[in-house]
Each structure stands twice: as C-alpha cells, then as structure tokens.
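# An overview of the molecular structure
For reference, the chains in residue letters:
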Amino acid sequence: MPNLELRKHLAPMIAGIVRSQPDVEKSAILRNIIQSGREREWPPEHLAECLRLARDEPFTWGLAEECGDAVESVYWRTVTPWLMRSKPADREFAMSKLLEAGRPISALNATIHDTNAVNPALLVEALDTALRTGEPNAQFPRSWHLAKLIERLESWEDMDQERLLQIEFLLAPSFRIEQTAELKALTEAITSRPELFAELICLLYRPESVEPKTQASPTDGERAAAENAWHLLDDCRRQPGTLPNGEIDHDSCIRFVDRALELCREQDRLTMAEQTIGQILAHAPEGADGIWPGSPARDILDRAEFEQMRTGFEFGARNKRGVTSRAMDEGGAQERSLTAHFRNHADALAVTHPFLAESLRRIAQSYHDDAKRHDDEAALWQERY
C-alpha cells in the first residue's frame, strides 16, 4: 500500500480521490488507511480525520463504529455532515449521533433544509438542547430556516404546547425585528392568555411604585428574559380575540384586555401594560365602515380611563410606518397625506368615540409638524443648490 501520511494540505485531494471511487474500491482504500494508521499507532484524532475524508453516509459511519468507541466519539465530535440527499433514516441516525456528541446546533444545521424528512421528536430534542446548552463555534440556524422548523413543530399533533411556547420564547432573539410573528403559537398565546401577557410585562418592566435605586440589579438571565419579552411584545401584531378565520371576536377581545390589565395592576405594572396593549391595538384593522381603527379596538381605546393606552396607541400608530425615503426637494408631501388620513378618521369618530378621536387628532398634528419640518429642509436644500 502507498504511504499515505495524512497532511492537511493533501486532505482535499485525498478526499476527492476517495469520494470518487466505487464503493468496493473506496472501502479498500479507507480500510487500508485505517490499518496503516493502527500499525503506526495513530491517535483516535488522526484516524477520525481519515474517516472524514469519505462521504457522510452509512458506510463511513459503520467504519467509524468498527474503529472503536474512541475513534467514533472523535469522529462525531468533529464531522460536519452534509445530509441534503440522505434518506430520512440516515438523517435521524446522524442527528442522534451528533446529539450524543454534545453538538445540538450541528444536528439542527445538518437537517434544517428539510425538516419534514425528520422525526419531529428528534427536532424538538435538538432545538431544546441547543437553546439550553448551546455549542461552541457553531452558528445557529438563520431565522428563515427556524421559521420553517417552528412551522413543522406547530403542525405536529403530538407536540407539547407548553414546551413549544418555552422553545419559541427562547428563540425570539434569533429572529430579526418584526419577525417574531413567525412564532405563531406564542404570538397567539400572548394575545389570548392574559396570564402569559402579564408574565411578559413583569419580565420586561419593574414595579412602578418602587424606586429604581432600591431594586437589585438584574442577573444575566433576567436581562435575557427581558430582551425576549421586549421582542415579542414590540413585534406583536395579532389582535386579542382573533378567531381562526381572521375575524376578531368583540367580547373575547374586551375580556382579554380587562383581565390582562387586572393582573398587571396586581403586579404594579398597570401603566406599561396599558401602553403595550395600546401599541398592539395600533395594528387593528379598519372597521366595516371603512373607519380606522375598527371595533373592538375603537371601543376599548375610547374608554376615558385608558389615557395611557391611547399614549401607546399613538406611539404604535406612528412607529408602524417604518422607514421612509424621499427626494431632497420633496418636502412634507407624504406627511400631509397622513395628516389628512388621520384627521378624516378623527372627524368620523368625533361624536361616537371622542377620546379616541382626540388621540387621532394628535397623531395628525404630529404629522402636520413633520410636514412643515420637511418643507423647511427642502427649501433650504433648494436655496443651497
């Protein structure tokens, strides 16, 4: 047999030779390399490195097992399998081995491109372990793949819903801004279970009647939980009382709001709870009459005692506009259009919902002020050029 002393700079060439051979020749080459390594008393790391020259497939995995526990353990701790064209059973085998090796993120990455071909129970184990323990030098799957993975788990009939909610909560930072809506089970729970909404408010905000200086500094875990809560609440677009067909049940929405505020009042966090609900209601659809917001949001926001909620509503209404762009000499045309838009809705609700109408007028006035500022900036630009 030729002297195939393993060198890193030769590894790609050797891998190409090995992988291009028919199964019989490939088996002979690998077994000869392993035998030569054993005769030279190579450590398990070197033998595992030889196995990584071959394709990620059952033959290689079987050969790793034949080499003994030490070599097999090193192999699964270091291999990065590519399983795109593998059979479902082979993917699950590789995932199980990677999990045994303490590599849950690698296990996810190996199968994330087609989660429908993998047992969801194994996906849950890998995802749960990855979130709890992590994996050094491993990149967590991107949010698009995670969304597909969560969609798979949400559709799995045997999925434990409480465990799913915990997983989705921990995943919140992995999604870009305004993408946590992909966590559908958790988003639905936040706007249908007042206890969960109140729990998130308590994670994010401190009691309102206690001086900040008298409160202990949060731990790293508390900071992380607060950040997750912020992502979820700030991104929440689903309206309380939303039915499976997309319609909003008036009474369910009001019951949720009243109960959520009651719980947050008991926890001394009423102000921020009201403002947060106001921001969520800013994403309510328009009513059947073409006036925004529609019922039940307009009825809730018009209650005299909900001044803080209207503050959150105004902030949410402006904030949902997002990033804008304009020509240097355009001025405030966009803002004048919005001014008219909100004033029209305010006028339509002035008699039936006066408190909400006043809130809409304040939004309109803010855009009116913005329009004047942009007009002034455009005039200065024109003078300069």
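In every chain, residue numbers begin from 1 and rise along the written sequence. Two thresholds apply to this predicted model, a pLDDT of at least 70 for residue-level local features and 80 or more for giving and counting side-chain atom pairs, whereas whole-chain, interface and lining totals are computed over all residues. The side-chain quantities take in all heavy atoms of the structure and omit both hydrogens and water.

## Digging into the overall build of the protein chain
Here is the rule: What counts as a helix is a DSSP run of H or I of at least four residues, what counts as a strand is a run of E of at least two, and both are numbered from the N terminus. The atom set for the radius of gyration is the C-alpha atoms, and the globule formula is 2.2 Å times the number of residues raised to the power 0.38. Burial here depends on accessible area, computed with a 1.4 Å probe over protein chains only, as a share of the maximum for the residue type. Under 20% is buried, over 50% is exposed, and the range in between is partly exposed. By definition, residues are in contact when any of their heavy atoms lie within 4.5 Å. Working definition of accessibility: Shrake-Rupley area with a 1.4 Å probe, residue cover restricted to the visible protein chains. Only four residue types enter the tally: Lys and Arg on the positive side, Asp and Glu on the negative side, with His and both chain ends excluded. We put the charge of a Lys on NZ, of an Arg on CZ, of an Asp on CG and of a Glu on CD.
Summing up its helical and strand segments, the protein chain has 19 helices and 0 strands in all. Rg of the C-alpha trace for the protein chain: 29 Å, well past the compact-globule value of 21 Å for 385 residues, more than 25% over. In terms of its C-alpha atoms, the protein chain occupies a principal-axis envelope of roughly 95 × 60 × 50 Å. Expressed as a percentage of its 385 residues, the buried residues of the protein chain come to 44%. Restricting to contacts in the protein chain with at least 6 residues of sequence separation, those with at least 24 account for 67%. On the protein chain, roughly 20,700 Å² of surface is accessible, and the fraction owed to carbon and sulfur atoms is 50%. The averaged location of the 65 negative side-chain charges in the protein chain is 4 Å from the averaged location of its 46 positive side-chain charges.

## A closer look at the confidence of the model for the protein chain
Filter applied, for reference: The quantity called pLDDT is the predictor's confidence in a given residue, expressed from 0 to 100.
Looking at the protein chain as a whole, the pLDDT averages 90, with 93% of positions reaching at least 70. Counted against residues more than four places away or in other chains, residues 1-6, with its pLDDT under 50, gives 14 contacts.

## Let's talk about the packing of helix 6 (residues 88-100) against helix 7 (residues 104-111)
To be explicit about the condition: To get an axis, fit a line to the C-alpha atoms, keeping to the stretch in contact for a helix; angles then go from 0 to 180 degrees between the N-to-C directions. Between 65 and 115 degrees an angle is taken as roughly perpendicular, under 35 as roughly parallel, over 145 as roughly antiparallel, and anywhere else as oblique. Each crossing is labelled by how the near helix is turned from the far one, with a counterclockwise turn of less than a right angle marking it left-handed and a clockwise turn marking it right-handed. Think of it as three bins: nonpolar holds Ala, Val, Leu, Ile, Met, Phe, Trp, Tyr, Cys and Pro, charged holds Asp, Glu, Lys and Arg, and polar takes everything else, Gly as well.
Packing of helix 6 against helix 7 brings their axes to within 8 Å, and their N-to-C directions diverge by 165°. Considered as vectors, helix 6 and helix 7 are oriented roughly antiparallel to each other. Considering only the axes of helix 6 and helix 7, their crossing is right-handed. Contacts from Arg91, Met95, Leu98 and Leu99 of helix 6 reach helix 7 at Pro104, Ser106, Ala107, Ala110 and Thr111. Taken together, the residues that form the contact of helix 6 with helix 7 break down as 6 nonpolar, 2 polar and 1 charged.

## Structural notes on the pattern of salt bridges
As a reminder, the rule being used: The term salt bridge refers to a side-chain nitrogen of Lys or Arg lying within 4 Å of a carboxyl oxygen of Asp or Glu.
Here the structure, examined in full by the defined rule, presents 23 salt bridges. Linking Glu72 and Lys97 is a salt bridge whose minimum nitrogen-to-oxygen distance equals 3.2 Å. Within this pair, whereas Glu72 is found in helix 5 (residues 69-78), its partner Lys97 is found in helix 6, the two being separated by 25 residues in sequence. The pair formed by Glu72 and Lys97 is uniform in burial state, with each residue classed as buried. Its salt-bridge partner being Asp370, residue Arg318 comes within 2.8 Å of it at the nearest N-O pair.

## Re the nonpolar core
Put simply, the rule reads: Among buried residues, the Ala, Val, Leu, Ile, Met, Phe, Trp, Tyr and Cys ones that are joined through side-chain atoms within 4.5 Å form a nonpolar core.
Grouped together as the largest cluster of nonpolar side chains are 94 residues, with contacts concentrated most on Phe197, Met309 and Leu360. Looking at this core element by element, the count peaks at 7 residues for helix 14 (residues 250-266). What Phe197 contacts, discounting residues up to four positions off in sequence, is Ile190, Leu233, Phe256, Ala260, Cys264, Ala273, Thr276, Ile277 and Ile280.

## Considering the packing of helix 18 (residues 333-349) against helix 19 (residues 354-384)
Any two packed helices are characterised by the angle at which their axes cross and by the distance between the axes. Contact geometry for helix 18 and helix 19: axes closest at 8 Å, N-to-C directions at 165°. Overall, the two elements helix 18 and helix 19 adopt an arrangement that is roughly antiparallel. You can see that helix 18 and helix 19 cross each other, and the crossing is left-handed. Partitioned by chemical class, the residues of the contact of helix 18 with helix 19 number 12 nonpolar, 5 polar and 7 charged.

## What to know about the packing of aromatic side chains
Cut-off, in case you're wondering: Note on ring pairs: Phe, Tyr and Trp rings are taken, using the six-membered ring of Trp, and paired if centres are within 6.5 Å. Classes follow the plane angle, with under 30 degrees stacked, over 60 edge-to-face and the rest tilted.
Applying the stated criterion to the full structure yields 8 aromatic pairs. When the centroid spacing of 6.2 Å and the interplanar angle of 70° are considered together, the rings of Trp76 and Phe93 count as edge-to-face. With Trp76 in helix 5 and Phe93 in helix 6, this residue pair connects regions lying 17 residues apart in the sequence. For Trp76, a relative accessible area of 3% gives the class buried. An angle of 75° between the planes, with centres 5.9 Å apart, marks the rings of Phe197 and Phe256 as edge-to-face.

## Thoughts on the environment of Phe169
One can find Phe169 in helix 10 (residues 161-171). Along the primary structure Phe169 and Thr187 are separated by 18 residues, whereas in three dimensions their C-alpha atoms are 9.7 Å apart. Aside from chain neighbours lying at most four places away, what touches Phe169 is Leu186, Leu200, Leu203, Ala225, Asn228, Ala229 and Leu232.

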